[in-house]
Amino acid sequence: MSTAAATLRPRRVRLALAALAAVLLVVAPLILPAFANQTLVRIGVYAVAVLGLNIVMGYTGQVNLGQIFFVGLGAYVTAYGVNHGWNILLVFAAACAIAGVVGLLVALAAARLGGLAIAMVTIALPIVGVPLAKRLSEFTGGSQGISARFTDAPDWSGLANDQWQFYIVLIVTAGAFLLARSLVRGKYGRAFAAVRENEAVAASMGISPYRTKVLAFTIASIFGGASGFLYLAAVQYTSPETLSFGHSISLLAAMVIGGAGSIAGSLLGGAYYVFVPQLTNAIDPNLTTVSQGAILLAVLFLLPGGLVSLPRAVRRLTRRAAPRRSTAQTAPGTSPQTAPAHRPVPDAAPEGHEQTERQDGP
Amino acid sequence: MAASLSLKDVNLHFGGVKVLQDVSFDVEPGVILGLVGPNGAGKTSLFNCISGHYKPSSGSISVDGTEVSGSAPSRLARLGLARTFQHPALQLNATVLQNVLLGAHTRLPGGPMSWALRLPRTVRAEREVRAEALELLGRGGLGWAAELPADELSHGLHKGIELWRALLSRPALLLLDEPAAGLSHGEVEQLIATVRRLRSEQDITIIIVEHHMGLISALTDQVVVLDHGRKLMSGTAADAQSDPRVIEAYIGKDAADDAA
Amino acid sequence: MTLLELKDVTASYGPVQVLDGVSLSVPEGGSVGILGANGAGKTTTLRSISGTVRTGGTIRFDGRDIRGLRSDQVAALGIAHVPEGRGTLGQLSVRENLLVGAYLRRDRKAIETDIDYCLDLFPQLQDRVGSRAAALSGGEQQMLAVGRAFMAKPKLLLLDEASLGLAPGTAKTVYQAIRRLRLESGIAMLVVEQNANLAFSLVDTATVLETGRNVLTGTSAKLKGMDEIRRAYLGG
Amino acid sequence: MGTFIQLVVDGLATGSIYAALALAIVLVNQATGLINFAQGGLAVLSAYIAYVFVQLGLPLILAILIAVVLSFVLGALVERFLVRRFERGDPDTAVVVTIGLLTLVTGISAVLWGYNNLAFPSLFPLTSVEILGAVVSVRSLATAVTIVVIMVILQLLFLRTKLGLALRAVADNPASAAFSGLPVGRLLMVGWGLAATLGAIAGVLVAPQLTLTPGMLDTALVYALAAVILGGLNSPIGCVVAAAAIGVLENLVAVYIPLIGHDLKIAVPFALIFVILIVRPQGLFGRKVVVRV
Amino acid sequence: RGDSGGQGGGSASSPGITDSAITLGITTPLSGATAGPGKCTVAGVSAYFGAVNAAGGVKFGDGKTRTVNIKSYDDAYDPQKSLANFQQMVSDNVFAATAGLGTPTNRAFRDAAISQKVPQVLVMTGDPLFSDRKQSPWQLGFVPIYQNEGAAFGKLLAKSGAQHKVAILSQNDDYGKGYVAGFKDAIKGASNISVVGEQTYEATDTSVDAQLTQLASSGADVFFNAMSITPLTIAALQKAQQIGWKPSWFLPSNTSSPTAILEPGGGAAYPGVYSVSFAKAPQSPAFAKDPDVVKFLDELKKYGNYPDMPAFPHCMWSYMVGATLEQAFKNMKEPTRDSFMTALRDIKDLKAPLMLEGTSVDTTVDGQPAVSSVVVQKYNGKGYATAENFG
Ligand SMILES: Nc1ncnc2c1ncn2[C@@H]1O[C@H](COP(=O)(O)OP(=O)(O)OP(=O)(O)O)[C@@H](O)[C@H]1O
Ligand SMILES: Nc1ncnc2c1ncn2[C@@H]1O[C@H](COP(=O)(O)OP(=O)(O)OP(=O)(O)O)[C@@H](O)[C@H]1O
Ligand SMILES: [Mg+2]
Ligand SMILES: [Mg+2]
C-alpha cells in the first residue's frame, strides 16, 4: 500500500461516511414513525443548547449555570415574533441576536469575575429569569405561558408536521454543529483551551482571557437562543417553567455526560437529555428520580470522560495487552541531525525499539 | 525586527514585601542579556512586570520606545513579546503540537466568524503554521512527540516545548525563565547551540534568567545581577562572575570553583 | 545491609510501559545517584518506590515488600520523597507546609526545633513563614519542598532534582546540609540530579538509566573517570 | 420601625436556614476542593433518618444523635465508593457527579418516604420572645445560636487543629500530601463524613419549619451557594454573615422598594454579590487563592 | 397536516380502544416539587378503575364491556416533557389523556391534542382556557376554575354585612392570580369590604415571614391566602400567631387539609379558617365513617398503591374524575374519540362519590369545568363544616 493511498484512505472514508450520514438524516423522517421524529427533533433542540454550553464551559472552562435562560429567552422571542407575524427568518435571527446581545452584556460584566464567581452570576439568570418572565406578562404571557405555532407543515410540502419540524431542526442543528466544529478546531479552539487551562499563559500568547471569555459566553448565548427557537418549533409553547434553574443543571449534566470539550459529545448530551426521561418513564414513572440519578452516576462511573469516550475506552481495553517501550529515541519523525537525547553509554545500546502505536486524532 | 527594552526605576510591592526596588537597565536590539541573582531576588517578578503579568507599583518599562508598563500581557504579546515560564505551563492533556501551535495565535488572521466559516485564508494560515510548528519540533528533536499528549513527556522536555511555543510567535523580544533547569550537561550544550542558531537566523532580543553559570557565560552579551529586588551590578558575564559582591550574594565560594 | 532494593522493576503509565527492568540497591546509610537523559525514567523510578505509578518486579524496603503500597503507606515506613516540580502545598503557609511535613511525628517540641532548623538552613524562607507557598519564588518553593522532606525525619530520602532552580550557592548549601544529615543521622538517600557535580559530591555509587533500564552502575569515582559520562554530565 | 426590626429579625431567621447548608458546603470545599450540590439532598436524607427513629419512639435528641452518626458513615461511604473515582479527574465531572448524587438521594428519599410533607418535631419550643419590639421564635433563635456555635467550631477546626491542617493539605495537593504520609483517602472520607454530619444538623434544624419532603432544601441550596461564594469559599464566618445579609436584605428590599417587590427580591442579593465580587473576587471574608505563573 | 402516523377520530374505532379494553394516559408530575399532588392524581384514578375492573369493567354505550387501563407518565412539571409524554401516549396508542396536573404542562400539549384530535379531559388545572369549548374542542377541565373558589369566599364575605379589612397573599402565578381575581370580582360592589394589603410570594420561596409581617401591620381582620405550598401554609399559620396577628383566614381547597396543615399550623387559634371544597375530606372525623370515604380509602390502598391517608385533595378529585369518565363511557355510542367527547360533554347532576352536598359534576356549561360549584367550609378544630354565613 503506497503512502499516498494510506493518507487518502481515511479521508475518503470519512467523507463517504459523512455523506452517508447526511443522506440518512434526510431520508430518516420519511421512514420513521412520528414519535421517533418528534424525539429526534427534541434531541436537536437540546443538542444545540448543550453545544453552546460546551463552548463556554467544556472548552473555555467558565462554569455556566444559566444556559437555560438563553434557551428560554430565545423561545420567548420566537413566540413573540411569530405571534406578531414576523418573517420566520427574521424571527430566527432575532432569537439568536437578542439572546446573543443579552449574553454579551452579561458576559462583559461576568467575565471580569473568575472561577466560581462567574457561576454565581450565571445561577442568577434563571433564578431571576423566572419571576421576570412572570412580571413581563405583556411579552411573555405571564405564568400561563405563550403558544405560537409556526411549524405546521405547509400543504405544498406534502409532509406531516413532525417531518417538517424535523427538517427545520435539522437545518439549524447541522448549521450550528458545523460552525462550532470549525471554530473549535483552529485558532479559537486553542484560545478557548488555553484560557481554560491557565489564563496567565493564554495572555502571554496574545490571547486576551477577558475577550475570549466574553466571546465564548456570547457564542453560547447565541446557540442558546437558537436552541430556544428550536424549542418553540418543537413544543410550540413556552412558559416560565422552561427556564427553571433545574433544567440548567440538567443541561450541565448532559454536557458532561456527552463529553465536555467535544462537539460530538454535545449531540450525545442532547440525546441523553431527551432519552433518559423517556427511559426512566418506561422503567417506572414513579421512580424517575432514582433511576435518573442512578443512570447518571453509572454512566460517569464507567465513562468519566462522557459517552463520547466510549470508543476510546473500548480501544484502551483491547490494547492493554500490547505494552510499548519508551518512545524517546527512535520514534518516527525524529530528524537525524539532532538526536532527542544523549546516549552517553556506548556499551549498552538500546535495541528493539518499537514504534509508537498512537494514531493521530480520533 | 529585534526590539529594544528599557526599564526605569521599576518598583514592585506586594503588601509589605518589596519585590523590586528601583530597577533600571536598557537592552539594545539583538542583545542577549542574562539576568541572574539569588533565589527570591525578583528575577521572575521582573519578567512578569515586563510581560504584563504584574503591574509595577511605579517606574516605567518601554519596548521600542513605547511605554508598556501596566499593559495587558496579551497586548504585549501582540507587540512581539514572548516568554517561557519558570515552571513549565503547558496544557497537559493537549498534544505537544497543539501546545506549540498556541504560540502562533497572534500570527493567525481572521475573527471567530471567519474561522467558523473556514474561510480559505484561515485554512491556509492554519496549514502554514502547522507545518512550521512541525518543522520547529523536528529541529528540536521532538518530532516524534508531536501527537503525544504533553503529560506523557518527561519534565525536562516540557521546557523545550515551551521554548518552541514561544518561538512560533516569531517574537522580537524573548524572555526565557531558567530554560536549562532540569537539563543534564549535554542537554544544556544543545540548548546553547539552539539559542545561538536562533540569534544568527533571526533578528531577536533575548533575556535569560538562569542559574546555570556556564550557559550565562556562553550565551550572554551582558549580565544584570539582581539581589533582594535591587540591581547589584551589570556588565559582562565574566565581570559578574569575578565581582566579589556577586560571589558573596549569589554564587557562593565553592560553587564558583565548581562552575569554573 | 541493604535498605532499599529494586529488582527488575517495570513501570507503566496506562498502557505505556516506561521502565523496563530497573535494578538498584541502597545500603543502610548509603547514598545512590541516578543519572540519565530527559525521559530516561529517573522520575519514574522514584515514583515506583513511592507508589504513584503502576509497577512490576520487586521493591523491598527494610526487608519488606513495598511494591503496590500507597504513597502515604510508603511514607509511613520512613521514606520521604521530594518530588519533581512543585512539591509544596500552594495555599498553605510556609510554616503549615513544614508542619504537614511532620505529620507522622508526635514529638511536638522536636518538631518546633526542626522547623527552626529548616528556617536556618533556608534564610530566605525565614521572613516568609506566614506567606503561602504559591507566592514564593521558584527556588524558594524548591527549598520548602526539601524542608518538608527533612521535617519527616525519614530513613530514606528520595530526591528528584532537589537543586532544580536553586542558585548555585544555595544548591551548594542544601547539598551540604543533606550530607550533614546523612553523617549525623544516617539517612540513606536515592538522588536524581542533573547537575552531576553536585550529584557526585553526595553519592557513593550511581546508576545510569537509559530508556527505562540500567545501562551502567558503578562507584562515583569510577563513573567520573569515564569519558562518556564526562561528556554527557560533567562537561569538559 | 417595629415592622423594620421585625423584618430584620425575620430575615435573620431565613438567613440561618441558608447558613446551615452553606457551612456544610464550605466544609466539603475546604476538605476536598469540591462544590457539593448533593449537600442539601444528603441533609434531607439525614433528617428522614432522624424521623424514622422518632417514629420508632426514640426521644428526639437521641434520634438526632443516631442520624448524625449514621450520616457521618454515609458521607464517608459516599466518598469512598463514589466520589473517589472522580477526585483526581476533571472538576466539572466531579460536580456533575454530585448533581447525580443529589438526584439519586432525593429519589431514594422519595421512594422510601414519599412526597408528602411530614411534620418533623422541633428540638425547641414554638414559643416566641420579644426583642426590641420584634417577635422572635425560640426555634429561630436556637437555630441561629447553633449555627454560630458550629461556625466557631469549624473555624477552629481548620485553623487550629492538626486534622484541619491535614484536611486542607489534602484538598490542596493530594499527591504531595501523601508524600508526607497523610492518608489521603481516609482524610477525604473524614471530610465528607464531617460535612454530612453538619448537613444532618442543618437538616434537623430546618426540617420542623420547612416540613420534611425530598426537595426540602432545593431552594435553600441556591441561596446557600450564593452565601458561600459571597462570604468566601474558605470562610465559615464569611458564609454565615453572607447568608444572614442575604436574608435580611431580601426582606427589606421587597418591602421598602415596591417596584422590586417580593417576586424580584431575589435579584437583589445576586446584584449585590456581583458588585462585591468585582471588588473582592475571593468573597467578603475569603482568602484569595494565590496563583503565580 | 397532522403528524405522520397520527390518526384523527374517524368513524372506525379510535386508537386505544378495543372490544375488551380502553387505555387512558396521565402525564403529571411524579417527581420534583409538585410530585405530592401529582402522585395523588394517578392514585385516585387508578383506585377508581381498579375497583371497577375488579368488578368486571365498564359497560360502554356500544354494549361492550371493557376494562380500563391507566398508563402514567412523569413530566416533572416541565412543559416540554409533558408534550413528549403526550407524543409518547399517541405512539403508545392511548385513547385519551386525563387527570394530569398543572397549567403549563397541560397547555404545552393542548395544541397537539387538538391537531391530533386526542381528548385531553378532566385535567387538574383551574385555567379557564381548558373549559372554553371553542378554543379547546378536545379539552375539558375538572376542578373549579380558580376564580370560582376565590369568588365563593368573596361572596360569603360580602354577604356578612359587617366591615372587613382584607389582606391578600397570593402565589405569583395564574393560580394565585385566578383566586385573587375571582375574590375581587365578588367583592366589587360591597362597600363593607376593603383590601388593605396585597402581597405575592414565589412557589419556590422558603419563607413568607416578611410578607406576613408586612400584612400584619396593615391591621386587616381577614386574610385571603391563595397559597398552594403546604409547608409555607403551615409556616404562615404559625408565623401570624407568633407576631400576634389573628385574622379570619381563607385557604384554597388544596392547602386546607385538617391533618396535614391546620393541625400542625395551629389553625384553631384563629377566629375562623375558611376553605372551599367539593370533596369530602377523609381526614375529617365527620367523614370517618362515611361509606364513600371508607370505600375510597380502601380502594386507594388496594388499587391506587397509596397506603397513606391522602395529604392532598387531588386523590379525591381524581377519584371523581374516574367516576365522571365512567359515566361518559357508559354513554358513548361508538368506540371513538368523537363519541367519547360527545358523551363526556353531556353529563349533568352527576353525584360522584365523595362529592359534598351541594356540588355535582356538570359538563354541559360552556366556559365551566366539570365541577364548578363549591361550598365554603369552616374549620371547627377537627374537620370542616359547611359555612352558610361568615363569622
Ligand atoms: N504574587 C506574589 N505575592 C507575594 N509575593 C510574591 C509574589 N510574587 C513574587 N513574590 C515574592 O517576590 C520575591 C521574588 O520572587 P521571584 O519569583 O521574582 O524570585 P526569583 O528571582 O525569580 O527567584 P528564583 O530564582 O527562586 O526563581 C519572592 O520572595 C516572592 O515570594
Ligand atoms: N504520565 C505519563 N504518561 C505517559 N508517559 C509518561 C508519563 N510521565 C512520563 N512518561 C514517560 O515516561 C518516560 C520516563 O519519564 P520520567 O519522567 O521518568 O523521565 P526523567 O528521567 O525523570 O526525565 P527528566 O529528566 O526530563 O525529568 C518518558 O519517556 C516519558 O515520556
Ligand atoms: Mg524565578
Ligand atoms: Mg524527571
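Fair warning: this is a prediction, and the values are worked out from it, not measured in the lab.

*Asks:* Whenever I open this one, the coordination of the magnesium ion (ligand 3) confuses me. Can you help?
*Replies:* Around a metal, the idealised angle for a tetrahedral arrangement of four donor atoms is 109.5 degrees; for an octahedral arrangement of six donor atoms it is 90 or 180 degrees. Residues and elements named next belong to chain B. Those donors, Thr44 (OG1) and Gln86 (OE1), are the protein atoms that reach the magnesium ion (ligand 3), and they lie 1.9 to 2.1 Å from it. Placement of Thr44 in helix α1 (residues 43–51) and of Gln86 in the loop between β6 (81–83) and α3 (96–102) is noted, with a sequence separation of 42 residues between them. We classify Thr44 as buried; its relative accessible area is 8%.

*Asks:* I'm lost on the site of ligand 2 in this one. Help?
*Replies:* Around ligand 2, the surrounding shell holds 20 residues, and the nearest of these are Glu152 and Ser154 of chain B together with Thr43, Thr44 and Glu84 of chain C. Neighbouring residues of ligand 2 are not confined to one chain but are distributed across chains A, B and C. Between an oxygen atom of ligand 2 and a side-chain N or O atom of Ser154 of chain B, the distance comes to 2.6 Å. Within the complex, 92% of the 640 Å² of free accessible area of ligand 2 lies under protein. Of all the secondary-structure elements, those providing two or more residues to the shell around ligand 2 are α6 (155–168) of chain B together with α1 (42–49) of chain C. Counting residues per element, the shell around ligand 2 draws most heavily on α1 of chain C, at three residues.

*Asks:* What am I meant to see in the interface of chain C and chain B here?
*Replies:* You'll often see interface size given as the accessible area lost when the parts meet. On the side of chain B, 27 residues touch chain C, which itself brings 32 residues to the contact. Summing both partners gives a buried area of about 2,100 Å² for chain C against chain B, and 55% of it is carried by carbon and sulfur. Summed over the shared surface of chain C and chain B, the result is zero salt bridges. There are nine residue pairs in polar contact (both at pLDDT 80 or more) connecting chain C and chain B. Elements with a contribution of two residues or more to the side of chain C that touches chain B: α6 (138–151), α7 (168–185) and α10 (227–234) of chain C. A total of five residues in the side of chain C that touches chain B trace back to one element, the largest contributor, which is α7 of chain C.

*Asks:* What should I look at first to understand the sheet that holds strand β4 (residues 58–63) of chain B in this one?
*Replies:* In a beta sheet, neighbouring strands are held together by backbone hydrogen bonds and run either parallel or antiparallel to one another. Residues and elements named next belong to chain B. On the basis of which strands lie adjacent, the open sheet formed by four strands has the order β2-β1-β4-β5 and antiparallel pairing. Both outer strands of the open sheet, β2 (17–27) and β5 (66–67), are each paired with one neighbouring strand and no more. Examined bridge by bridge, strand β1 (residues 5–14) and β4 share five bridges and lie antiparallel to one another. Looking across to β4, one finds that Asn11 is bridged to Ser58.

*Asks:* It is not clear to me how the sheet that holds strand β3 (residues 65–74) of chain E should be interpreted in this structure. Could you clarify?
*Replies:* Residues and elements named next belong to chain E. The mixed open sheet is built from six strands, whose spatial order is β2-β3-β1-β4-β5-β6. A single partner strand is all that each edge strand has here, and the edge strands are β2 (58–59) and β6 (139–141). Sheet analysis places β2 next to β3, joined by two bridges and oriented antiparallel. The partner of Val58 across the bridge, within β3, is Arg66. Sitting on the sheet, helix α2 (residues 79–91) touches β1 (21–28), β3 and β4 (96–98), and the angle it makes with β1 is about 170°.

*Asks:* Help me out: how do you make sense of the confidence of the model for chain C in this one?
*Replies:* Fine structural detail should not be taken from predicted coordinates in areas where pLDDT scores are low. Here chain C averages 89 in pLDDT, and 99% of its residues register 70 or above. At the level of chain-chain contacts, confidence expressed as ipTM amounts to 0.92, with global pTM at 0.92.

*Asks:* How should I be thinking about the coordination of the magnesium ion (ligand 4) in this particular structure?
*Replies:* All names here are of chain C. In the first shell of the magnesium ion (ligand 4), the protein supplies Thr43 (OG1) and Glu84 (OE), at 1.9 to 2.1 Å from the metal. On the criterion of sequence distance, the pair formed by Thr43 in helix α1 and Glu84 in the loop between β6 (79–82) and α3 (94–101) is long-range, its members being 41 residues apart. Given a relative accessible area of 14%, Thr43 falls into the buried group.

*Asks:* Help me out: how do you make sense of helix α11 (residues 245–259) of chain A in this one?
*Replies:* Counting along an α-helix, one turn takes 3.6 residues, and residues three or four places apart therefore face a common direction. Here α11 of chain A contains 15 residues, and its C-alpha end-to-end distance of 21 Å stays within 8% of the 21 Å for a straight helix at 1.5 Å per residue. Burial of α11 of chain A is extensive: 13 of the 15 residues sit out of reach of the surface.

About the criteria used
- Residues numbered from 1 in each chain as written.
- Chains lettered and ligands numbered in written order.
- Predicted model: local features only at pLDDT ≥ 70, side-chain atom pairs only at ≥ 80, totals over all residues.
- Heavy atoms only, no water.
- Donors = N, O, S within 2.8 Å, 3.2 Å for Na, K, Ca; no water.
- Helix = DSSP H or I, 4+ residues; strand = E, 2+ residues; numbered from the N terminus.
- Buried < 20%, exposed > 50% of the residue type's maximum accessible area, 1.4 Å probe, protein only.
- Near = heavy atom within 4 Å.
- Polar contact = N/O pair within 3.5 Å; in protein donor to acceptor, adjacent residues only side chain to side chain.
- Areas by Shrake-Rupley, 256 points an atom, 1.4 Å probe, with all protein chains shown as cover.
- Contact = heavy atoms within 4.5 Å.
- Buried area = accessible area lost by both parts, 1.4 Å probe.
- Salt bridge = Lys/Arg side-chain N within 4 Å of Asp/Glu carboxyl O.
- Pairing = 2+ DSSP bridges.
- Axes fitted to C-alpha atoms, helices over the stretch in contact; angles between N-to-C directions.
- pLDDT = per-residue confidence, 0-100.
- Expected span 1.5 Å × (residues − 1).

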